[in-house]
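Analysis of the macromolecular model
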Amino acid sequence: MKPQHERTALMGRLDLNLFRVFEVIYLERNLTRAAVTLHLSQSAVSHALGRLREQLGDPLFVRAGRGVAPTQVAQMLAPGIQDALSGLRRSVDLGRGFDPRVDRRRFTVNMPEQMEPAVLPRLLAQLQRRAPQVEIRSSSLHWAHLKRELLAGRIDLAIEIARPSDAELHQRRWMADPLCVMAGPGWAGELTLEQYLAAEHVAVTSRQRGICVEDLALGHLGLVRQVRQRCQHYLSAALWVAQSELLLTLPRGYAALINQGLGNRLLPMPLELPPVTLNLYWSRQTDSEAGSQWLRGELMALSDGL
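Residues numbered from 1 in each chain as written. Predicted model: local features only at pLDDT ≥ 70, side-chain atom pairs only at ≥ 80, totals over all residues. Heavy atoms only, no water.

Quick word on the overall build of the protein
Convention followed: Going along the chain from the N terminus, every DSSP run of H or I of four or more residues is numbered as a helix, and every run of E of two or more is numbered as a strand. For every residue, the accessible area (1.4 Å probe, protein chains only) is compared with the maximum for its type, and the residue is labelled buried under 20%, exposed over 50%, or partly exposed between those bounds. A contact between two residues is defined here by any heavy atoms of the two lying within 4.5 Å. Computed with the Shrake-Rupley method and a 1.4 Å probe, the accessible areas treat only the protein chains shown as cover for residues. We treat Lys and Arg as the positive residues and Asp and Glu as the negative residues; His and chain ends play no part in the count. By convention, the charge on Lys lies at NZ, on Arg at CZ, on Asp at CG and on Glu at CD.
A tally of helices and strands in the protein yields 12 helices and 12 strands. Projected onto its principal axes, the C-alpha positions of the protein cover 75 × 40 × 35 Å. With 306 residues in all, the protein has 45% of them scored as buried. Here the analysis covers contacts within the protein between residues at least 6 apart in sequence; of these, 75% occur between residues at least 24 apart. When the accessible surface of the protein is totalled, it reaches about 16500 Å², and 52% of it is carbon and sulfur. Side-chain charges in the protein split into 36 positive and 30 negative, and the spacing between the mean points of these groups amounts to 5 Å.

A word on the packing of helix α2 (residues 16-28) against helix α3 (residues 31-38)
Here is the rule: The convention used is that axes are lines fitted to C-alpha atoms, helices contributing only their stretch in contact, and that angles between N-to-C directions extend from 0 to 180 degrees. Roughly parallel means an angle under 35 degrees; roughly antiparallel means over 145; roughly perpendicular covers 65 to 115; every other angle is labelled oblique. We call a crossing left-handed when the near helix sits turned anticlockwise from the far one by less than a right angle, and right-handed when that turn is clockwise.
α3 packs onto α2 with a crossing angle of 130 degrees between their chain directions and a minimal axis gap of 9 Å. By the angle between their directions, the pair α2 and α3 is classed as oblique. Handedness of the α2/α3 crossing: right-handed. Touching Arg20, Val21, Val24, Ile25 and Glu28 of α2 are Leu31, Arg33, Ala34, Thr37 and Leu38, all from α3.

A word on the pairing of strand β5 (residues 157-161)
Selection criterion: The rule for pairing is simple: two strands pair if DSSP sees at least two bridges between them.
Among the 5 residues in β5, 4 count as buried, and that is most of the element. The sheet contact formed by strand β3 (residues 105-110) and β5 spans 2 bridges and is parallel. Looking at β5, one finds that Asn110 is bridged to Ala158.

Points about the packing of aromatic side chains
The following threshold applies: Pairing of aromatic rings covers Phe, Tyr and the six-membered ring of Trp, with a centre-to-centre limit of 6.5 Å; geometry is then stacked below 30 degrees between planes, edge-to-face above 60, and tilted otherwise.
Scanning all chains against the criterion turns up 7 aromatic pairs. With a centroid separation of 5.4 Å and 50 degrees between ring planes, the pair formed by Phe22 and Phe61 is classed as tilted. Residue Phe22 is found in helix α2, and its partner Phe61 is found in strand β1 (residues 61-64); the two are separated by 39 residues along the sequence. In terms of burial, Phe22 and Phe61 fall into one category: buried.

A closer look at the sheet that holds β5
Across the sheet, which stays open at both edges, the 5 strands sit in the order β4-β3-β5-β12-β6 with mixed pairing between neighbours. Whereas interior strands pair on both sides, the edge strands pair on one side only; in this sheet they are β4 (134-139) and β6 (169-177). Between one strand axis and the next, the sheet turns by 25 degrees as a mean value, whatever way the strands run. Sheet contacts for helix α6 (residues 116-130): β4, β5 and β6; angle to β4, the most-contacted strand, approximately 175 degrees.

Thoughts on the pattern of salt bridges
Close approach of charged atoms lets side chains of opposite charge pair. In plain terms, the rule: Salt bridges are identified by distance alone: a Lys or Arg side-chain nitrogen within 4 Å of an Asp or Glu carboxyl oxygen.
Following the criterion strictly, the structure yields 19 salt bridges and no others. With a shortest N-O distance of 3.0 Å, Glu298 and Arg130 are connected by a salt bridge. Taken as a pair, Glu298 in helix α12 (residues 290-303) and Arg130 in helix α6 lie far apart in primary sequence, 168 residues in all. It is possible to trace a salt-bridge network through shared partners that takes in Glu28, Arg33, Arg106, Glu135 and Arg137.

A few points about helix α4 (residues 42-56)
Basically, it comes down to this: Helices are assigned an expected span. That span is 1.5 Å times one less than the residue count. The directions considered for the arc run from the helix axis to the C-beta atoms.
When the terminal C-alpha atoms of α4 are compared, their 21 Å separation across 15 residues agrees well with the 21 Å that a helix rising 1.5 Å per residue should span. The complete set of buried residues in α4 reads Val45, Ala48, Leu49, Leu52, Gln55 and Leu56. Along α4, the residues classed as buried sweep out an arc of 125 degrees about the axis, all on the same side. Facing away from the buried side of α4, by more than 90 degrees, are the exposed residues Ser43, His47 and Glu54. Immediately beyond the C-terminal end of α4, within one or two residues, lies Gly57, with a positive phi of roughly 70 degrees.

Notes on α2
Taking 1.5 Å per residue as the helical rise, α2 with its 13 residues ought to reach 18 Å, and the 19 Å between its terminal C-alpha atoms agrees with that figure. Among all positions of α2, only Leu18, Phe19, Val21, Phe22, Glu23, Val24, Ile25, Tyr26 and Glu28 are buried.

Quick look at the side chain of Asn279
Rules: Pairs of N or O atoms are called polar contacts if they sit within 3.5 Å, as long as, within protein, a hydrogen donor faces a hydrogen acceptor (for residues adjacent in sequence, only side-chain-to-side-chain pairs).
By secondary structure assignment, the location of Asn279 is in strand β12 (residues 276-283). Judged by its relative accessible area of 7%, Asn279 falls in the buried class. Side chain to side chain, Asn279 and Gln171 meet in a polar contact 2.7 Å long. In contact with Asn279, other than residues within four places in its own chain, are Ala158, Ile159, Glu160, Ala162, Arg163, Gln171, Arg172, Arg173 and Trp174.

This is the structure in structure tokens:
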């Protein structure tokens, strides 16, 4: 890395486009994919990277398998570069409108990993004709990291379990999905509360510690169920339910989606529990930005069909 006085002198000569190239390579970890994203030839991307390497005095990216990996210097530079570019984009976007029919733009939407099969394909289908140049990327971060990424502008919108209000974020109720119970194809009759509590269950959670939403709700009623198995994905749990006598408690809309072809039975909850409520979250900095407003509208329209 060059000394401080040399880096300061370089700032007057640096091309902002080089930082955009840096950002995309950092995200893609592959020069070919970066060239596609930037709509440049691979040689142009390599040339731009070469200029940045020369000016910053570091390789920045080195070969790793079929792609590239950032050097330690690149890892240190990346957050600042991404924050600066995100801030610049927000400033530019605030000064102009957004036309989804012609504008090219990438949005990053964060959602729980289990939700992606239910949400992302339907969102992409909804936008296929109305916003042909818009790209939607999905991510799944835990809340502790998610809020920072929203405020930095690296994530445009998040779908998350309802949480207390936050001064730095806007939120809006997106949907409330009642819970149901999935049982194997051999389950006969209805499901009583006594049967539910006596049965063994499979619970879905991505957290190593803590309890599921349904166990928390049961605990508030002074009830405890028998969790025999834990896993990270509802589909894995549903496949196991089809081969066992375990029960799975999950949101009704998602249950109908993953049960296609499995033949499991979907039974009403034998007691009244609160629905799983999901909210949209976005940074206050992007509240009046046209693209963000459009995306929120599209997701609100989508929620009506889920």
